[in-house]
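Here is how the chains run, residue by residue.
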Amino acid sequence: MKNLLRFVLLAATLNGLSAQALAEENQLDLVAKGKAVATAADCQACHTNPEGGKPFAGGYAIHSPMGTIYTTNITPSKTAGIGNYSEEQFSRAVREGVRPDGGNLYPAMPYTSYSHMSDEDIHAMYVYFQHGVQPVEQTASLTALPFPFNMRIAMAGWNLLYLDKTPFKADASKSAEWNRGAYLVNGAGHCDTCHTPRNLMMGEVTTKPLAGGMVGPWYAPNISADAVSGIGNWTQAQLVEYLKTGRTTGKNQAAGPMAEAVQNSLQYLPDSDLNAIAFYLKNSTPVRDPADKQAADSFGPKQVNVEQGLRGEHPYNANGTIKGGAALYSGYCASCHQPDGGGSKNQAYPSLYNNTATGMTNASNLISAMLYGVDRQVGEQHVLMPKFGQGSYVGQLTDEQIADIANYVLTHYGNPAIAVSAHDVAVLRGGGPVTLLARLQPLMAPAMVVALIVVLALIYWLFRRCRKRRV
């Protein structure tokens, strides 16, 4: 009898250990899946301060048209992060932009795309952030937008207009690859958030999906299937190469926010996902910009060597001769991009012809590359172009000088129909175009006061009128 009891106890213990081991194994699998989902969602790019911040501890400054928005700590810290979030609260924050205290998030957090993520992915991501991320006891800088944009309650009305909570549903008439690509582009990967133009109220213009839009001083180009304005003339292999490495010879190279996406997210996605994204984009609705007359990457070489026109122009001992686009290009650009604009042999420093940055009708990326530089780490390859804007360690150029270089490059290597002014450079140096809504901000408080006075006066007038009628 005792032996039987011992056997039962031993069996119960082993079963308990087995169940515990299975639970731990399941959690490890969920953490791994959640990490993959968080990588596809590119959480680290925004929630990690590039100036030496710890992973997911927040503090990254996003310069929006409404002001600077600081990202939050999303580590499992119970004092500074999301350690006290329930899964339901986590899901609501990610997919609806609402914090546990009821406060609304700003759509710099791309919850308008995350709203289409599946319950399974949200669950895995929650487990990852609660059990697979190191807690950081550091409170991120608080966002303090000017009035009235600091009234987060207004986002509830904005969400009614622009937040689509419809879960992603596979299209049975499309292939599995197309559906996976649609899920990533318009959901977890939130490509649509940056690459779709915005209206006056900063909502996505859904009639022009993936047709391009400004993201601060950078331009997220048209990535619809249009052969002239978009990526319709790219092969699927070229798109996959670009997503994985950040560059494709004769097409484009990632800089600014796109470089961050490649560095922190896209290079780690499995090839199946990259192919799905490329396949979906190649089969998306083409959107043509009437201003585009030919594909941006089709402006070919004109066999122009900048040095030939400069030799002998000044005495050998002359000073202050680096003036004008040609001389500035020779002095600041030709050593890497070559005197003929052909770039380095391995194209780490790309050709300036057959290059979308110099061929687009929007020259923002050409200008911003000079102002802010290019910094992209993919695998063991670190691509670095120094900035020539504020704080440059190479040479701080004026708005006029950058405009001169841009115009020389556009005329000789890119789209000669585009001209850049010093004002254009100044706008991008200041963080990008200011929307009408932001320009109206100084008038909003006085307008609200005037409106309140008018309403009170109307109420008083109606009150007096009613009293006279009673008498």
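Scroll up to find the structure.
Residues numbered from 1 in each chain as written. Predicted model: local features only at pLDDT ≥ 70, side-chain atom pairs only at ≥ 80, totals over all residues. Heavy atoms only, no water.

**Student:** Quick rundown of the overall build of the protein? Include the residues and the values.
**Tutor:** When its secondary structure is counted, the protein shows 20 helices and 8 strands. For the protein, with 471 residues in total, the buried portion stands at 44%. Considering only contacts within the protein whose residues lie at least 6 apart along the sequence, 64% involve residues at least 24 apart. (Helix = DSSP H or I, 4+ residues; strand = E, 2+ residues; numbered from the N terminus. Buried < 20%, exposed > 50% of the residue type's maximum accessible area, 1.4 Å probe, protein only. Contact = heavy atoms within 4.5 Å.)

**Student:** An account of a nonpolar patch on the surface is needed here, citing residue identities and associated values.
**Tutor:** The grouping of Phe147, Met151 and Ile153 at the surface amounts to a nonpolar patch, some 280 Å² of accessible area in total. Along the chain, the position of Met151 falls in the loop between α5 (119-131) and α6 (154-162). Judged by relative accessible area, which is 35%, Met151 ranks as partly exposed. (Patch = residues over 30% accessible without salt bridge, like charges linked within 9 Å, V, L, I, M, F, W, Y side chains within 5 Å. Areas by Shrake-Rupley, 256 points an atom, 1.4 Å probe, with all protein chains shown as cover. Salt bridge = Lys/Arg side-chain N within 4 Å of Asp/Glu carboxyl O.)

**Student:** Provide a residue-level description of the nonpolar core, including the pertinent values.
**Tutor:** Of all hydrophobic cores here, the largest spans 47 residues; its most connected members are Met125 and Phe129. Only α1 (2-40), α3 (87-96), α5, α7 (176-188), α9 (236-245), α10 (256-264) and α11 (271-282) provide two or more residues apiece to this core. (Core = buried A, V, L, I, M, F, W, Y, C linked by side-chain atoms within 4.5 Å.)

**Student:** Tell me about the environment of Phe168, and name the residues and values.
**Tutor:** Take Phe168: it is sitting in the loop between α6 and α7. The sequence separation of Phe168 and Tyr183 amounts to 15 residues, and the corresponding C-alpha distance is 6.8 Å.

**Student:** Describe the side chain of Lys251, with residues and values.
**Tutor:** Inspection of the secondary structure assignment puts Lys251 in the loop between β5 (247-248) and β6 (252-253). Given the relative accessible area of 9%, Lys251 is considered buried. One polar contact links the side chain of Lys251 to the main-chain carbonyl oxygen of Asn233, over a distance of 3.4 Å. With residues near it in sequence (within four places) discarded, Lys251 still touches Asn233, Trp234, Gln238, Asp297, Asn354, Asn355 and Thr356. (Polar contact = N/O pair within 3.5 Å; in protein donor to acceptor, adjacent residues only side chain to side chain.)

**Student:** Account for the packing of aromatic side chains, naming residues and giving values.
**Tutor:** The description of two aromatic rings rests on the distance between their centres and on the angle between their planes. Across all of its chains, the model carries 14 aromatic pairs by this definition. Note on Trp234 and Tyr242: the rings are 5.8 Å apart at their centroids and 80° apart in plane angle, and the pair reads as edge-to-face. You can call Tyr242 buried: its relative accessible area is 10%. By way of ring pairs, the aromatic residues Phe56, Phe90, Tyr126, Tyr128 and Phe129 are connected into one cluster. Lys174 extends its terminal NZ or CZ atom over the ring of Trp178, reaching a point 5.3 Å from the ring centre. (Phe/Tyr/Trp six-rings, centres within 6.5 Å; stacked < 30°, edge-to-face > 60°. Lys NZ or Arg CZ within 6 Å of the ring centre and 35° of its normal.)

**Student:** Please set out the pattern of salt bridges residue by residue, giving values where relevant.
**Tutor:** Summed over all chains, the structure comprises 11 salt bridges. Two residues, Lys33 and Asp121, come together in a salt bridge whose shortest N-O distance is 3.9 Å. Of this pair, Lys33 sits in helix α1 while Asp121 is found in helix α5, placing the two residues 88 residues apart along the sequence. By relative accessible area, which is 37% here, Lys33 ends up partly exposed.

**Student:** How would you sum up the packing of α7 against α11? Please name residues and give values.
**Tutor:** Axis separation between α7 and α11 bottoms out at 7 Å; the angle between their running directions is 90°. As the angle between them shows, α7 and α11 are arranged roughly perpendicular. Contacts between α7 and α11 involve Glu177, Trp178, Arg180, Gly181, Ala182, Leu184, Val185 and Asn186 on the former and, on the latter, Asp273, Asn275, Ala276, Ile277, Phe279, Tyr280 and Leu281. (Axes fitted to C-alpha atoms, helices over the stretch in contact; angles between N-to-C directions. Parallel < 35°, antiparallel > 145°, perpendicular 65-115°, else oblique.)

**Student:** Break down the state of the cysteines for me, with residues and values.
**Tutor:** Applying the stated criterion to the full structure yields 0 disulfides. Unpaired in terms of disulfides, Cys194 finds its nearest cysteine sulfur in Cys46, a separation of 8.1 Å. Not part of a disulfide, Cys336 finds its nearest cysteine sulfur in Cys333, a span of 8.8 Å. (Disulfide = S-S within 2.5 Å.)

**Student:** Quick rundown of α9? Include the residues and the values.
**Tutor:** Residues Leu239, Val240, Tyr242 and Leu243 constitute the buried set of α9. Axial view of α9: buried residues confined to an arc of 160°, hence all on one face. (Arc of directions from axis to C-beta.)

**Student:** Could you give an account of the environment of Leu105, naming the residues involved and the relevant values?
**Tutor:** Tracing the sequence through the fold places Leu105 in the loop between α3 and α4 (111-114). Expressed as a C-alpha distance, the spacing of Leu105 and Ile153, which sit 48 residues apart in the sequence, is 9.5 Å. Ignoring any residue separated from it by four or fewer positions in sequence, one finds Leu105 in contact with Ala93, Gly97, Val98, Arg99, Tyr111, Arg152 and Met155.

**Student:** How would you summarise the pairing of strand β2 (residues 67-70) if you had to cite specific residues and measurements?
**Tutor:** Pairing between strand β1 (residues 61-64) and β2: 4 bridges, direction antiparallel. Paired with His63 across the strands is Thr68, a residue of β2. Hairpin connection from β1 to β2: 2 residues lie between these consecutive antiparallel strands. (Pairing = 2+ DSSP bridges.)

**Student:** An account of unusual backbone geometry is requested, with residue identities and associated values reported.
**Tutor:** With an omega of 5°, the peptide bond between Phe147 and Pro148 qualifies as cis. Structurally, Pro148 is set in the loop between α5 and α6. Despite not being glycine, Leu210 shows a phi value in the positive range, around 65°. Among the residues examined, Leu210 registers a relative accessible area of 4% and is labelled buried. In this model, Asn354 sits at a positive phi of 50°, which is unusual for a non-glycine residue.

**Student:** I'd like a description of the environment of Val378, backed by residues and values.
**Tutor:** Looking at where Val378 falls in the secondary structure, it is placed in strand β7 (residues 374-378). Sequence separation of Val378 and Leu266 is 112 residues, and the distance between their C-alpha atoms is 9.8 Å. Those residues in contact with Val378, other than ones at most four positions away along the chain, are Lys244, Thr245, Val262 and Gln267.

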